[in-house]
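Chain residues, written in single-letter form:
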Amino acid sequence: MYNDLAVREHCLDRSLAAYDGPVEVEYLPVDNTAHAFTSAGAALNHAARMARHEVVVMVHQDVYLHDLDQLARAAAALDDPRWGFLGANGVTSGRRSVGRLRDRVILIGDSAPDPVEVDTLDEVLVMARRDDLVAEPLSEDPELAWHAYAVEYALRTRARGRLVGAVDTAITHNSLTINLARLDEAHRHVADGYPDLTPIHTTCGTVAARPSRLRQLPLVREHGWRRRWLRESSAAARVTTALDIPVVLADIAHEVDLVDWSSDAPLRLVNLDRVGGFAAHAGRPEVLERRDRPILMEAVADLDGLRSSLSDVSPDEPVLVTGLSLEDLPQLRDVIEPERWMAGVQWDEVWLLGGPPALDPPLEWSRPQAVPLRARSRARVG
């Protein structure tokens with residue numbers, strides 16, 4: 001289902017057009033630009049009823065499919081009747097993200113060459129047998145209009161005694177926006193519908209049987225970030241020690257569009273995929289645009305591949321490296337020039353930004369939440 005033809009053509013359509021392999025693909029884009037459907041479930045159910053193939057893959061318009069052969073291998077797991085619902089990324093009962101994919105500019109999820117059982121799935125890409133979808137359609141409840149319909153279907157599948165799994169599909173989710181409107185209401189709806197399965201672990205957080213009163217306190221909501229800030233400040237100090245470059249605390253997946261690059265000077269992205277499951281299938285360089293600005297995306301499996309990729313980067317080229325650990329940094333000292341690089345700490349990973357954007361970073365990175373304790377910063381102050 002799509003509501004932005006340009007986005008669909010740039011991402012999904014281009015990836016399908018580039019495929020030249022043995023997998024037969026029936027493409028059923030459902031036009032909702034005129035709001036013909038009042039929910040995602042209604043639109044996707046409409047397509048499932050039209051489908052001719054045994055497996056139906058439901059995917060967002062802003063997804064690039066790097067390897068349809070890999071997607072077909074993932075779908076083949078549905079030959080085992082124990083699996084009722086599969087997807088590109090999900091969350092286990094232990095709150096572990098499973099299913100390796102590129103989310104904007106970072107790699108997320110543990111690798112799952114074969115399906116790994118999860119509580120719920122993200123809606124970005126999910127698949128099921130056509131017969132199952134016709135017999136048990138996605139919910140068209142208005143409370144789940146654009147959110148959590150895959151979460152609800154996963155819970156319904158589990159309640160029927162079948163397994164829900166996440167599996168590697170080699171995709172990039174080139175999301176430009178985050179729609180959180182009525183997400184809490186959708187989560188509350190599924191929690192009320194499946195009380196025996198709470199707490200429900202999703203890619204957008206854990207849904208408890210009852211909302212946490214502590215998290216709703218004004219003091220906690222206003223200052224809750226400080227705990228992570230202290231933890232990440234400690235990591236930032238180690239980055240500075242290793243590379244002697246400025247460090248910020250920022251979620252680069254959400255803030256990459258703040259970085260300065262252009263059509264004349266595209267951003268070069270290198271994802272380090274030491275976990276595996278992505279670079280082997282989707283590591284080849286591919287250009288995707290974000291707000292009409294091109295990014296040359298590639299993924300490498302190890303530090304040798306990263307060093308090789310960085311060896312031909314020019315001083316004037318904007319470059320972003322993600323997926324690093326603190327232990328990796330000393331091995332990059334000879335390829336990281338302190339005067340033209342900066343770093344960021346994001347959860348338990350480190351990213352590096354090089355070239356002109358590192359010399360003139362976004363103003364937003366000078367906010368208190370982004371400035372580590374007692375750390376150098378090259379962020380602007382006005």
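Placed above this text is the structure.
Residues numbered from 1 in each chain as written. Predicted model: local features only at pLDDT ≥ 70, side-chain atom pairs only at ≥ 80, totals over all residues. Heavy atoms only, no water.

A. Region of interest: the layout of surface pockets. Considered as a void within the structure, the second largest pocket measures approximately 720 Å³ in volume. In this structure, the second largest pocket is lined by 33 residues; those nearest its centre are Val 25, Glu 26, Val 55, Val 56 and Val 57. Sorting the residues of the lining of the second largest pocket by element identifies α1 (5-18), α2 (40-50), β1 (55-59) and α3 (68-75) as the ones contributing at least two each. Top element by residues in the lining of the second largest pocket is β1. It accounts for 5 residues. (1 Å grid on protein atoms, 1.4 Å probe; cavity = no way out; pocket = protein on both sides within 12 Å on 5 of 7 lines; lining within 4 Å. Points joined across faces, edges and corners; volume = space filled by probe spheres on them. Helix = DSSP H or I, 4+ residues; strand = E, 2+ residues; numbered from the N terminus.)

B. Representation of the state of the cysteines. Enumeration over the complete set of coordinates arrives at 0 disulfides. Counting only cysteine sulfurs, Cys 204 is the nearest neighbor of Cys 11, a cysteine outside any disulfide, at a range of 19 Å. Judged by relative accessible area, which is 2%, Cys 11 ranks as buried. (Disulfide = S-S within 2.5 Å. Buried < 20%, exposed > 50% of the residue type's maximum accessible area, 1.4 Å probe, protein only.)

C. Quick peek at helix α9 (residues 225-243). Relative to the 27 Å expected for 19 residues at 1.5 Å per residue, α9 spans 26 Å between its end C-alpha atoms, a close match to the ideal helical length. Taken as a whole, α9 has its buried residues at Trp 229, Glu 232, Ser 233, Ala 235, Ala 236, Val 239, Thr 240, Ala 242 and Leu 243. As for α9, its buried residues are in contact with β15 (247-249), β20 (341-346) and β21 (349-354). The positive-phi residue at the C-terminal boundary of α9 is Asp 244, with phi of around 55 degrees. (Expected span 1.5 Å × (residues − 1). Contact = heavy atoms within 4.5 Å.)

D. Representation of the packing of aromatic side chains in the model. A full pass over the atoms with the stated rule returns 2 aromatic pairs. Just above the ring of Tyr 2 sits the side chain of Arg 8; from NZ or CZ to the centre is 4.5 Å. Against the face of Trp 261 rests Arg 293, its NZ or CZ located 3.6 Å from the ring centre. (Phe/Tyr/Trp six-rings, centres within 6.5 Å; stacked < 30°, edge-to-face > 60°. Lys NZ or Arg CZ within 6 Å of the ring centre and 35° of its normal.)

E. Broad picture of the nonpolar core. By size, the foremost hydrophobic cluster in this structure holds 28 residues, and its most contacted members are Val 239, Leu 306, Val 321, Leu 324, Leu 329, Trp 341 and Leu 352. For this core, the elements supplying multiple residues, two or more each, are α9, β15, β16 (267-272), α12 (303-310), β19 (319-324), β20 and β21. Among the elements that make up this core, the one with the highest residue count is α9 (6 residues). Residues in contact with Leu 329, not counting those within four places in the same chain, are Val 239, Ala 242, Leu 243, Leu 324 and Val 350. (Core = buried A, V, L, I, M, F, W, Y, C linked by side-chain atoms within 4.5 Å.)

F. How the structure looks around the sheet that holds strand β17 (residues 286-290). In space, the 7 strands of this open sheet follow the order β15-β20-β21-β19-β16-β18-β17, with mixed pairing throughout. Strand pairing shows two members of the sheet lacking a second neighbour, β15 and β17, which therefore form its edges. Across the sheet, the axes of successive neighbouring strands diverge by a mean angle of 25 degrees, strand direction being ignored. Where α9 meets the sheet, it contacts β15, β20 and β21, and its direction lies at approximately 160 degrees from that of β15. Contacts from α12 reach β16, β18 (293-300), β19 and β20 within the one sheet, and its direction differs from that of β19 by about 175 degrees. (Pairing = 2+ DSSP bridges. Axes fitted to C-alpha atoms, helices over the stretch in contact; angles between N-to-C directions.)

G. Region of interest: the sheet that holds strand β9 (residues 120-121). The strand order β5-β4-β9 describes an open sheet built from 3 strands, whose pairing is antiparallel. Pairing within the sheet leaves two strands with one partner each, and these edge strands are β5 (97-98) and β9. Strand direction decides the pairing type here: strand β4 (residues 90-91) and β9, joined by 2 bridges, are antiparallel. Note that in β9 the partner of Val 91 across the bridge is Thr 120.

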